[in-house]
Amino acid sequence: MAETGRLTAPAAPFANPVTLMRIAIVAGVLVVWEAVAASGLLFRDVVPSLLVIGRATAELLADKTYYWHLGVTAGEIGIGLLIGGLSGLAVGILLGSNKMLSRAFEAYLYYLGPTPKIIFFPVMIMWFGVGPGSKVAMGTISCFFPVALSAAAGMREINPVLIRVGRSFRASTWQMVTKIYLPAMRLPVINGVRLGLGVAIIGTLLAETKLSNRGIGFLIINAYSTFNMPRMYALLIVLFVLSIGVNALVGKLGGVDSIRRA
Amino acid sequence: MIARAQRNLLPLSLGLGTLIAFVLVAEVLIRAGAVNRFIVPMPSQIAGAFQRVIVEEDIPHRFLVTAREAFWATVLLALVGVGIGVLLYRVKLLREATETWVAAMASAPTVLMYPLFLVIFGRSETTIIMMGFVAGLPAVILKTIEGLAGTRRVLVDVGRSFKLTEVQLFWKIFFPAALPTMFVGLRLGMIFALINIVGVEFLINFGGLGQLINDLAERYDLPGTYAAICFVILVSVCFFFVTDRVEKWLRPAD
């Protein structure tokens, strides 16, 4: 008779040691935070009570003007991502498809990419004014580099057979881009867009904190100027959740996970 | 050999030639009035401003201030980042519980916490160093874990066959094996730290090279502003080039 062994029921999600550890870490951080807030070790309001932060977050989310500022920032980031992403994609395809151009210009992109883009902000103000234009420009130059470099790398990884098939069908340049290149380099392009989105958010919001009268960056620096610490914490928490969420959403919509599993 | 050098020379000439042509075209357009010279200064003016900015604005001192901030941020990254990475590698449960959080932190715009750091540490070098440190931390932690986890099993078995203690095993086997990957993490961390350091210097108008750009822009010294931006770009490029070479030297197989 075959030995069947003993069947054990799968552990309940809460009994999972990893989940328990996570709960313990979060609880520990919250307890330490509350203890520091109550102790008065730091200046008053620098570490406000969790209750105060929670109330500030609720007030922020119920505030209509917050959504208007969020809309302004989202618009600036969206336009920046569109312009920077499309131009980055075009440059990436060009560099990836031509060895000579790649060797001539890609080093410039590679080394310029990690430079701190915020230093260009005074120039962007001169060129596009103090309004949303300069913030869009900051978003654009921030996201251009990661998208261009990812697209160039993705272009080089395309199976040459696919390109030969396209050429044998006498596909036009536009058809080659839309039917061969883009579908074949979907993963690196999406990864580039994800990276680009992250730096576009940073570039745009930093520009807003420096010089603006609208947007989430303005709200953060305004909370700092008026020493409204609970509101600043609330803004940072909501912003972090939104940034990480949007980043994950782009990956999911692009099917990065499913591609990796395949 | 000569043919290879010629093959490399052509793209290099094309890249440099295009850059020079772009500068010349800009000079001509601005001189002709097609581009407003009160918005974009002539490249010749920018080149002329270099010496003035270096001498009058004391660039060597500002460079040293930024370098000092970057150095302390790197020291913190090496000590804390590698330390946390080693801890997470050793304690599997802790790693499984927090690794996704560390990765999420890498995609969070932590630099936007600078007003918070201003409140905590004041308008000082500490704020700038801490902002650099926070920005680079996830990369160092994740790469340290990756490096340690990638140590070849046979090396660990050899160490165990020599009855090495856990501490000896770490310093003689794990650490040297993980060093190249750990350096990749440290390099990434240093890049993020430098970006944030210069950025925060610019934003809070304090410190070295970032503050210089802000100062010159507020004085509406356009050639000076452009020259300072070019200088920061040059410094960044040199920094990335050197660290890139060191990384390639450490990982010749890649």
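Note that the structure is predicted; figures quoted are calculated from it, not measured.

> Which residues make up the overall build of chain A, and what are the values?
Looking only at helices and strands, one finds 12 helices and zero strands in chain A. The order of α-helices and β-strands along chain A, N terminus first, is α-α-α-α-α-α-α-α-α-α-α-α. In summary, chain A has a C-alpha radius of gyration of 24 Å against a globular reference of 18 Å for 262 residues, an excess of more than 25%. Seen through its C-alpha atoms, chain A measures out along the principal axes to roughly 85 × 75 × 35 Å. Within chain A, buried positions represent 38% of all 262 residues. Considering only intrachain contacts with a sequence separation of at least 6, the fraction spanning at least 24 residues in chain A is 75%.

> Explain the overall build of chain B residue by residue, including any values.
Per the secondary structure count, chain B includes 10 helices and zero strands. When the helices and strands of chain B are listed from N to C terminus, the series reads α-α-α-α-α-α-α-α-α-α. The C-alpha radius of gyration computed for chain B amounts to 23 Å, which surpasses the reference 18 Å derived for 254 residues by more than 25%, pointing to a less compact arrangement than a globule. Seen through its C-alpha atoms, chain B measures out along the principal axes to roughly 75 × 60 × 30 Å. Evaluated residue by residue, chain B yields a buried proportion of 40% over its 254 residues. Sequence separation of at least 24 residues holds for 74% of the intrachain contacts in chain B that already meet a minimum separation of 6.

> Before we move on, can you summarise the confidence of the model for chain A with the specific residues and values?
Summary statistics for chain A give a mean pLDDT of 86 and a share of 91% for residues scoring 70 or more. Looking over chain A, one finds the lowest element-wise mean pLDDT in helix α12 (residues 256–261) of chain A, namely 50, and the highest in helix α3 (residues 64–97) of chain A, namely 94.

> Give me helix α8 (residues 166–204) of chain B: which residues, what numbers.
Residues and elements named next belong to chain B. For α8, which comprises 39 residues, the first-to-last C-alpha distance of 46 Å sits more than 12% below the rise-based estimate of 57 Å (1.5 Å per residue). Considering bend angle alone, the principal kink of α8 is centred on Leu179 and spans about 55 degrees; proline Pro180 follows within four residues of it. Just beyond α8, the residue with positive phi is Asn205, at close to 55 degrees.

> Outline the interface of chain A and chain B, listing residues and values.
Interfaces are often described in size by the accessible area the parts lose on coming together. Every contact between the two is made by 41 residues of chain A and, on the other side, 38 residues of chain B. Of all the secondary-structure elements, those providing two or more residues to the side of chain A that touches chain B are α1 (17–39), α4 (99–112), α5 (121–128), α9 (186–210), α10 (216–225) and α11 (229–253) of chain A. Sort the elements by how many residues they give to the side of chain A that touches chain B and α11(A) lands first, with eight residues. Class assignment for the residues of the side of chain A that touches chain B results in 33 nonpolar, five polar and three charged.

> Please set out the packing of α1(A) against helix α4 (residues 92–107) of chain B residue by residue, giving values where relevant.
At a minimum axis separation of 9 Å, α1(A) and α4(B) run at an interaxial angle of 70 degrees. Classified by the interaxial angle, the pair formed by α1(A) and α4(B) is roughly perpendicular. Counted together, A:Pro17, A:Val18, A:Met21, A:Arg22 and A:Ile25 of α1(A) and B:Leu93, B:Leu94, B:Glu96, B:Ala97 and B:Thr98 of α4(B) form the full contact between these two elements.

> An account of the environment of A:Lys99 is needed here, citing residue identities and associated values.
Relative to the assigned elements, A:Lys99 resides in helix α4. A C-alpha to C-alpha distance of 9.4 Å links A:Lys99 and A:Arg156, two positions 57 residues apart in sequence.

> Outline the nonpolar core, supporting the account with residue identities and numerical values.
Judged by nonpolar contacts, the single largest core of 118 residues is most densely connected at A:Leu235, B:Met131 and B:Ala193. With 19 residues, α8(B) is the largest single contributor of residues to this core.

> So, unusual backbone geometry: which residues are in play, and what are the values?
Notably, A:Phe227 is not glycine yet its phi reads approximately 50 degrees, a positive angle. In this fold, A:Phe227 is placed in the loop between α10 and α11. The class of A:Phe227 is exposed, set by 12 C-beta atoms lying within 10 Å. One non-glycine residue, B:Tyr220, adopts positive backbone phi at about 55 degrees.

> Residues and numbers for the environment of B:Leu216, please.
All names here are of chain B. Counting through the fold element by element, Leu216 comes out in helix α9 (residues 209–218). By C-beta crowding, Leu216 is classed as buried, having 22 other C-beta atoms within 10 Å. Sequence separation between Leu216 and Val53 is 163 residues, and the spatial gap between their C-alpha atoms is 9.3 Å. In this view, Leu216 contacts Asp221, Gly224, Thr225 and Ala228; residues no more than four positions away in its chain are not counted.

> Summarise the confidence of the model for chain B; cite the residues concerned and give the values.
For chain B, the average pLDDT comes to 88, and 96% of its residues sit at 70 or higher. Both scores are available for the predicted complex, with the pTM at 0.84 and the ipTM at 0.83.

> Could you give me a rundown of α11(A), with the residues and numbers involved?
The end-to-end C-alpha distance of α11(A), which contains 25 residues, comes to 36 Å, matching closely the 36 Å that a straight helix rising 1.5 Å per residue would cover. Among the residues making up α11(A), those that are buried are A:Met229, A:Pro230, A:Arg231, A:Met232, A:Tyr233, A:Ala234, A:Leu235, A:Leu236, A:Leu239 and A:Ser243.

Quick notes on the rules
- Positions within a chain are numbered from 1, following the residues in the order the chain's sequence is written.
- Think of it this way: whatever chain is written first is A, whatever ligand is written first is 1, and the rest follow in order.
- Under the rules for a predicted model, residues below a pLDDT of 70 receive no local features and side-chain atom pairs below 80 are neither given nor counted, while totals for whole chains, interfaces and linings still include all residues.
- Under the scheme used here, helices are H or I runs from DSSP no shorter than 4 residues and strands are E runs no shorter than 2 residues, and both carry numbers assigned from the N terminus.
- It is over C-alpha atoms that the radius of gyration is taken, and the globule rule equals 2.2 Å times the number of residues to the power 0.38.
- Residues are called buried when their C-beta atom has 20 or more other C-beta atoms within 10 Å, exposed when it has 12 or fewer, and partly exposed otherwise; all C-beta atoms are positioned from the backbone.
- A pair of residues counts as a contact when their C-beta atoms, built from backbone coordinates, are within 7 Å of each other.
- The pLDDT score gives, residue by residue, the confidence of the prediction method on a 0 to 100 scale.
- Here, expected helix span is obtained from the residue count minus one, scaled by 1.5 Å.
- Note on bend: at a given residue it equals the angle between the axes fitted to the 7 residues ending there and to the 7 starting there.
- All residues other than Ala, Val, Leu, Ile, Met, Phe, Trp, Tyr, Cys, Pro, Asp, Glu, Lys and Arg, Gly among them, are scored as polar; the first ten of these are nonpolar and the last four charged.
- Note on geometry: axes are lines fitted to C-alpha atoms, helical ones only across the stretch in contact, with angles between N-to-C directions running from 0 to 180 degrees.
- The cut-offs work like this: below 35 degrees is roughly parallel, past 145 is roughly antiparallel, 65 to 115 is roughly perpendicular, and the gaps in between are oblique.
- Joining buried Ala, Val, Leu, Ile, Met, Phe, Trp, Tyr and Cys residues through C-beta atoms within 7 Å gives a set, and that set is a nonpolar core.

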